[in-house]
Amino acid sequence: MKISKVEPIHLRVKALNEPCEWGEDAFILRIYTDTGLVGVGESDSAPAVLKAMFLQADTHSSCLGLSKILIGQDPRYIKKIMEDLLEGSAYYGISGAAICALSAINIALYDLLGKIYGVNVSVILGAKRRDYLKAYATFIPSKDLKENEKKAKELKASGFKLIKFGGASFGSDSKSDKEIIKSIRNAVLDDVKLSIDLVSLWRNYSYAKQRYEEIKEFNIEWIEEPVAATNTQDYARLSDNLDCKITGGESFYTEDEFLNFIKKSKVSIVQPDITRCGGFSSILAIEQMALKYGCDLVPHGFSTRILLAATACFLASSKNYDLIEYSQSTSPLFTDLVSNPMQYSDGYLKLNDGLGIGVELNEEVIKKYRI
Ligand code: MG
């Protein structure tokens with residue numbers, strides 16, 4: 001059995017000269033084999049940068065194109081392939097975007113492995129412990145308070161017990177942030193937990209502490225990425241001194257980076273993104289770190305339903321962690337790219353029973369948005 005073709009795909013809803021918010025572009029990957037089976041992966045990163053790594057012409061043995069390394073390999077030898085990829089990408093890799101590209105490959109290889117052996121990826125990871133995952137909703141708040149209130153009420157009515165919001169300009173203005181939080185809290189009352197995502201906009205410990213004091217009356221469940229991800233000292237001070245959970249981790253790539261962050265930041269919840277942290281192989285290692293150092297793990301996920309399905313397979317296999325982020329993006333790359341979406345009902349997502357990660361892609365959507 002051999003890998004016969006690698007297809008890196010850049011999708012974009014908006015024109016290249018228009019700004020994207022979130023979910024309007026994507027990097028997806030298909031790995032073909034000589035058996036006819038095809039594996040699907042994704043990375044939530046800069047699509048054109050990742051695509052270039054696949055197409056890169058060979059320079060020398062530490063600087064090879066990723067497609068070249070993959071073609072001809074037995075797709076079942078995932079550990080060997082990941083080692084070859086790390087070695088062959090060393091001159092542009094080690095961390096960052098290269099690990100994102102490797103994450104897409106790792107997910108596609110596990111998808112293939114499930115299809116080869118006729119099982120869902122959760123089985124390969126150790127067990128399918130559950131058929132349903134607790135889901136929490138994430139959305140980007142609007143400047144229009146009425147719109148946010150309407151959204152929050154709809155989410156509450158559809159059964160969500162936890163809602164997270166952040167992104168766009170949220171976090172940068174004390175007054176408007178407070179108004180947004182207040183209006184959403186008033187819309188859901190005390191029936192729903194609220195978390196906020198600062199995307200590092202709270203600068204440093206003292207600024208973050210002051211900003212927290214202004215909103216603490218609204219009973220925030222967790223504060224995500226209050227300061228820059230690499231500022232582990234301020235993370236630790238916030239974790240020690242705020243009576244609210246501090247979370248982060250979506251901006252890290254390697255297992256070493258996660259170990260350092262988990263040990264030093266004292267976060268309550270670590271949030272690896274399976275499409276950026278090295279795929280299934282690495283998120284299993286990060287799960288063990290979280291268990292060892294006593295923090296929760298809630299994967300980050302705000303891209304297509306390929307990411308969602310891969311995350312679900314991991315969480316279905318996990319003994320302790322079962323909360324999944326469920327994006328409320330209206331981008332067609334979230335709503336239409338996967339033609340057999342997992343079904344949501346009353347606070348839970350139902351796992352697909354399909355082979356591999358269980359997704360079928362809509363070719364029309366790929367054709368329409370392909371760069
Ligand atoms: Mg976040």
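The structure we're discussing is the one just above.
Here goes a summary of the coordinates provided.

The rules we used
- Residues numbered from 1 in each chain as written.
- Predicted model: local features only at pLDDT ≥ 70, side-chain atom pairs only at ≥ 80, totals over all residues.
- Heavy atoms only, no water.
- Buried < 20%, exposed > 50% of the residue type's maximum accessible area, 1.4 Å probe, protein only.
- Helix = DSSP H or I, 4+ residues; strand = E, 2+ residues; numbered from the N terminus.
- Arc of directions from axis to C-beta.
- Contact = heavy atoms within 4.5 Å.
- Pairing = 2+ DSSP bridges.
- Axes fitted to C-alpha atoms, helices over the stretch in contact; angles between N-to-C directions.
- 1 Å grid on protein atoms, 1.4 Å probe; cavity = no way out; pocket = protein on both sides within 12 Å on 5 of 7 lines; lining within 4 Å.
- Points joined across faces, edges and corners; volume = space filled by probe spheres on them.
- Nonpolar A, V, L, I, M, F, W, Y, C, P; charged D, E, K, R; others polar.
- Donors = N, O, S within 2.8 Å, 3.2 Å for Na, K, Ca; no water.

The next point concerns helix 3 (residues 78-88). Turning to helix 3, its buried residues number three or more, namely Ile-78, Ile-81, Met-82, Leu-85 and Gly-88. When helix 3 is viewed along its axis, its buried side chains cluster within an angular range of 135° and face the same direction. In helix 3, those exposed residues whose orientation departs by more than 90 degrees from the buried face are Lys-79 and Glu-87. On its buried face, helix 3 sits against strand 1 (3-12), helix 2 (66-70), helix 4 (96-117) and helix 11 (280-293).

Attention shifts here to the sheet that holds strand 3 (residues 38-43). Paired through backbone hydrogen bonds, the strands of a sheet run either parallel or antiparallel to each other. On the basis of which strands lie adjacent, the open sheet formed by three strands has the order 1-2-3 and antiparallel pairing. Each edge of the sheet is formed by a strand with only one pairing partner; in this case those strands are strand 1 and strand 3. The mean angle between the axes of side-by-side strands here comes to 20°, regardless of whether they run parallel or antiparallel.

So, about the environment of Phe-165. Assignment of secondary structure puts Phe-165 in strand 5 (residues 162-166). Taking the C-alpha atoms as reference, Phe-165 lies 9.8 Å from Glu-224; in sequence the two are 59 residues apart. Those residues within four positions of Phe-165 in sequence are excluded, and the remaining contacts are Phe-139, Pro-141, Phe-170, Ile-180, Ile-181, Ile-184, Leu-194, Ser-195, Ile-196 and Asp-197.

With that settled, the discussion passes to empty space enclosed by the protein. Applying the stated criterion to the full structure yields one cavity of 30 Å³ or more. Within this model, the largest cavity holds a volume of roughly 90 Å³. In the lining of the largest cavity, the residues fall into ten nonpolar, two polar and one charged.

Our next topic: the coordination of the magnesium ion. Within the first shell, the magnesium ion binds the protein through Asp-197 (OD), Glu-224 (OE) and Glu-250 (OE), at distances of 2.0 to 2.1 Å. Binding-site remark: the magnesium ion is held by donors from one chain whose sequence spacing is D-x26-E-x25-E. Separated by 27 residues along the polypeptide, Asp-197 in strand 6 (residues 193-197) and Glu-224 in strand 7 (residues 220-224) bring together distant segments of the chain.

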